[in-house]
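If you want the building blocks of each chain, they are given just below.
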Amino acid sequence: MKKNSDSKTPQTQEESSHRVGPIVSSAHLAAGKSAELSELEFGLIVAGNAFNRWMVRCMNATGLEDLSPLDVLVLHSVNHRNRPKKSADICLVLNVEDSHTVTYSLKKLLKSGVVGSEKRGKETFYTVTEKGEEICRRYSEIREDCLVDSLRTLGFSNADLGSIASFLRGISGLYDQAARSAASL
């Protein structure tokens, strides 16, 4: 018999085999010093995939189809504060390392007529078109209808969401630093 570490009562092998451990994508990563970090990572994976699916489906609902999650993010970034953006600025804000993926997204958005471009010296600046503004406005409306009210029913306040966002930005910095460290090994 194994002892249950939480209650200190004996536990049969059968009971132990039915116990659910941490919810992770890879048990070998949860075996180290922090199973909780593996749980967080699994949560990020699942949430990231759900968020990507949401963005694509929401954008489809606006009438603009066949965009990838990155295409949607790039469109929103170009629309942000109604200021012209360089590809490098979009990459920086979205924390995208492979700039060619953003360049490809911009080409798709140009072709669909939601983004325009203007050459200034050696730099190309991108702005949202009227059609792009309308698509972004419609996306925002659909987001309000389908997502925002649901968050409230789960008991999340705007302050809660702000705290979670701050935590995720902090975690992203830790992963960026860890990536630099791993690259130097």
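Residues numbered from 1 in each chain as written. Predicted model: local features only at pLDDT ≥ 70, side-chain atom pairs only at ≥ 80, totals over all residues. Heavy atoms only, no water.

Participant: Quick one: what's the story with helix α3 (residues 35–62), residue by residue and with numbers?
Facilitator: Its 28 residues place the ends of α3 41 Å apart at the C-alpha level, agreeing with the 40 Å of an ideal helix rising 1.5 Å per residue. Turning to α3, its buried residues are Ala35, Ser38, Trp54, Met55, Val56, Cys58, Met59 and Thr62. The secondary structure elements touched by the buried residues of α3 are α2 (27–30), α4 (69–79) and α7 (130–153). Positive phi appears at Gly63, one or two residues downstream of α3, with a value of about 105°. (Helix = DSSP H or I, 4+ residues; strand = E, 2+ residues; numbered from the N terminus. Expected span 1.5 Å × (residues − 1). Buried < 20%, exposed > 50% of the residue type's maximum accessible area, 1.4 Å probe, protein only. Contact = heavy atoms within 4.5 Å.)

Participant: So what about the sheet that holds strand β5 (residues 123–128)? Which residues, and what values?
Facilitator: An order of β3-β5-β4 is seen for the three strands of this open sheet, with the pairing classed as antiparallel. Looking at the sheet topology across the chains shown, the edges are occupied by β3 (85–86) and β4 (115–120). Strand direction decides the pairing type here: β4 and β5, joined by six bridges, are antiparallel. Each residue of the ladder has a partner; that of Gly116, found in β5, is Thr127. In the packing of helix α6 (residues 99–112) onto the sheet, contacts are made with β4 and β5, and the angle to β4 comes to roughly 115°. (Pairing = 2+ DSSP bridges. Axes fitted to C-alpha atoms, helices over the stretch in contact; angles between N-to-C directions.)

Participant: Before we move on, can you summarise unusual backbone geometry with the specific residues and values?
Facilitator: Even without being a glycine, Asn82 presents a positive backbone phi close to 55°. For Asn82, the location among the structural elements is in the loop between α4 and β3. Positioned with a positive phi, Asn95 is a non-glycine residue whose angle comes to about 60°.

Participant: Lay out a nonpolar patch on the surface in plain terms, naming residues and giving numbers.
Facilitator: Side chains of Leu37, Leu44, Leu154, Phe156, Ile164, Phe167, Leu168 and Tyr175 sit close together on the surface and give an oily, nonpolar patch of about 690 Å² of accessible area. Put simply, the parts of the chain that give the nonpolar patch at least two residues each are α3 and α8 (158–183). When residues in the nonpolar patch are grouped by element, the largest group, four residues, is from α8. You can see Leu44 is positioned in helix α3. (Patch = residues over 30% accessible without salt bridge, like charges linked within 9 Å, V, L, I, M, F, W, Y side chains within 5 Å. Areas by Shrake-Rupley, 256 points an atom, 1.4 Å probe, with all protein chains shown as cover. Salt bridge = Lys/Arg side-chain N within 4 Å of Asp/Glu carboxyl O.)

Participant: Give a description of the nonpolar core that names residues and reports values.
Facilitator: Ranked by internal contacts, the top residues of the largest apolar core, which has 24 residues, are Met59, Leu75 and Val78. Once residues within four sequence positions are removed from consideration, Val78 is found in contact with Arg83, Lys85, Ile90, Leu106, Val115, Tyr126, Thr127 and Val128. (Core = buried A, V, L, I, M, F, W, Y, C linked by side-chain atoms within 4.5 Å.)

Participant: Residues and numbers for the pattern of salt bridges, please.
Facilitator: In this structure the tally under the stated criterion is five salt bridges. The closest approach of N and O atoms between Arg137 and Glu134, which form a salt bridge, is 2.3 Å. In this pair, Arg137 and Glu134 both sit in helix α7, three residues apart, roughly one turn of the helix. Judged by relative accessible area, Arg137 falls into the partly exposed class, the value being 38%. Among the ionic pairs, Glu141 bridges to Arg138, the shortest N-O distance being 3.2 Å. Placement of the pair is Glu141 and Arg138 together in helix α7, with a separation of three residues, close to one helical turn.

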